Amino acid sequence: MSNTPLFNDRTQAGERLAEVVQATLIKQASASEIKPVPIVYALPRGGLEVAAPVARVLHCPLTILVAKKISHPENPELAIGAVTACGSVIWEQSRRLSQRQNWRSHTALDTAVNQAKSLEAKLSVACPQVNTEGAIAIIVDDGIATGMTMAVAAAAIRKRSPAEIWLCAPVAPLRLVPWLHQWGDRVIVLATPEPFASVSNFYQEFPQLETTEALMYLQLAQEE
């Protein structure tokens, strides 16, 4: 049945995702003499709890890439785009805004950039130094609803010349998977239930992750 919990919490979802990502990585490595180093990029804050088990199983660095949705000027719940702390931005192609709304959308863009920069500043102190060039960049979130933040994160990382970009999440709408393949070299999603209302519906427990908790996951990853 749709909209029934598929996962107890983000940690369980991350452990299940880690198994699939590891198996995929091993299979790919066995078929090629070139073995790029994986780096796990979490979309904070919720994505960190899912990404931590993935980085642990792969024995690779865990870091972040902060992306925020750009809200519709008259409907904060509706995403009309997404932006990263470093300034990469994408817009929803089907957006239809009046001239007044279009002007206000730039204010929404500025707000999202500032939010992203603020969160990055708080979390980056616990992030390891990584070299993305030639690596497999594995982007992880706790779920994909619109795909906007995942896509803009991929666009930002693409500028760093990775060997490949993998987009990974426990759950996403089936209709988004072909579109996600435009942004990543590989898409790994454990479940694609339809109809799809919101990511939280597929978790038994889905509390908001606080910044202090997000820092904890980054710090623990550095200690392992």
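Within each chain, residues carry numbers counting from 1 in the order of the written sequence. Whole-chain, interface and lining totals are the exception, using all residues; otherwise, since this is a predicted model, local features are given only for residues with pLDDT of at least 70 and side-chain atom pairs are given and counted only at 80 or more. As a rule here, side-chain values come from all non-hydrogen atoms in the structure, and water together with hydrogens is ignored.

Draft legend 1. Structural context of helix α6 (residues 211–223). An ideal rise of 1.5 Å per residue puts 18 Å on 13 residues; α6 measures up with 19 Å between its terminal C-alpha atoms. Exposed residues in this analysis have more than 50% of their type's maximum accessible area, buried residues have under 20%, and partly exposed residues fall in between, with area computed by a 1.4 Å probe over protein chains only. Secondary structure elements follow DSSP: runs of H or I of four or more residues count as helices, runs of E of two or more count as strands, with numbering from the N terminus. Within α6, burial applies to Thr-211, Ala-214, Leu-215, Tyr-217 and Leu-218. For α6, the arc enclosing every buried residue in end-on projection is 155 degrees, short of the 170-degree limit, so these residues lie on one face. Facing away from the buried side of α6 by over 90 degrees, the exposed positions are Thr-212 and Glu-223. The span expected for a helix works out to 1.5 Å for each residue beyond the first. In this description, the arc belongs to the directions extending from the helix axis to the C-beta atoms.

Draft legend 2. Layout of the state of the cysteines. For this text, the term disulfide refers to a pair of cysteine sulfurs within 2.5 Å. As enumerated under the stated definition, the model contains zero disulfides in all. Cys-168 provides the cysteine sulfur closest to Cys-60, a residue in no disulfide bond, and the two sulfurs are 11 Å apart.

Draft legend 3. Fine view of the sheet that holds strand β1 (residues 38–42). Strand order across the open sheet formed by five strands is β2-β1-β6-β7-β8, with parallel pairing between neighbours. Each edge of the open sheet carries a strand with a single partner, namely β2 (62–64) and β8 (186–191). Each strand axis lies, on average, 25 degrees off the axis of its neighbour in the sheet, ignoring direction. A pair of strands counts as paired when DSSP detects no fewer than two bridges linking them. As judged from the three bridges shared by β1 and β2, these two strands associate in the parallel manner. When the bridges of β2 are listed, Tyr-41 appears paired with Thr-63. Relative to the sheet, helix α2 (residues 46–58) contacts β1, β2, β6 (136–140) and β7 (164–171), its axis offset from that of β1 by approximately 170 degrees. Between N-to-C directions, angles cover 0 to 180 degrees, with each direction set by a line fitted to C-alpha atoms, over the stretch in contact for helices. Note on contacts: a residue pair qualifies if any of its non-hydrogen atoms lie within 4.5 Å across the two residues.

Draft legend 4. Region of interest: the environment of Leu-62. Secondary-structure assignment places Leu-62 in strand β2. In this structure Leu-62 comes out as buried when scored by relative accessible area, which is 2%. Expressed as a C-alpha distance, the spacing of Leu-62 and Cys-127, which sit 65 residues apart in the sequence, is 7.3 Å. Apart from the residues lying within four places of it in its own chain, the contact partners of Leu-62 are Val-40, Ala-42, Leu-48, Ala-51, Ala-52, Ala-55, Pro-128, Tyr-217, Leu-218 and Ala-221.

Draft legend 5. Up close: the layout of surface pockets. With a 1 Å grid laid over protein atoms only, a set of points is called a cavity when a 1.4 Å probe fits there but cannot get out and a pocket when it is open yet has protein on both sides within 12 Å along at least five of seven lines; lining residues have an atom within 4 Å of a point. Grid points are joined across faces, edges and corners, and a volume is the space filled by probe spheres set on the points. The space that makes up the largest pocket amounts to roughly 900 Å³. Around the largest pocket sit 28 residues that line it, and Lys-69, Asp-141, Asp-142, Gly-143 and Thr-149 are the ones nearest its centre. Nonpolar residues are Ala, Val, Leu, Ile, Met, Phe, Trp, Tyr, Cys and Pro. Charged residues are Asp, Glu, Lys and Arg, and all others, Gly as well, are polar. In terms of residue class, the lining of the largest pocket is made up of twelve nonpolar, nine polar and seven charged.

Draft legend 6. Summary view of the nonpolar core. Core analysis: the biggest nonpolar cluster contains 42 residues, and Val-21, Val-40, Leu-48, Leu-62 and Ile-138 have the highest contact counts within it. Of the residues forming this core, the biggest block, seven residues, is contributed by α2. Only buried Ala, Val, Leu, Ile, Met, Phe, Trp, Tyr and Cys residues count toward a nonpolar core, and they belong to the same one when joined by side-chain atoms within 4.5 Å. Grouped together as the second largest cluster of nonpolar side chains are 21 residues, Ile-139, Ala-154, Ala-169 and Ala-172 included.

Draft legend 7. A look at the side chain of Thr-84. Assignment of secondary structure puts Thr-84 in strand β4 (residues 75–84). Taking relative accessible area as the criterion, Thr-84 reaches 0% and is therefore assigned buried. Sequence-distant contacts of Thr-84, that is, excluding residues within four places in its chain, are made with Leu-65, Val-66, Ala-67, Ala-116, Val-152, Ala-153 and Ala-156.

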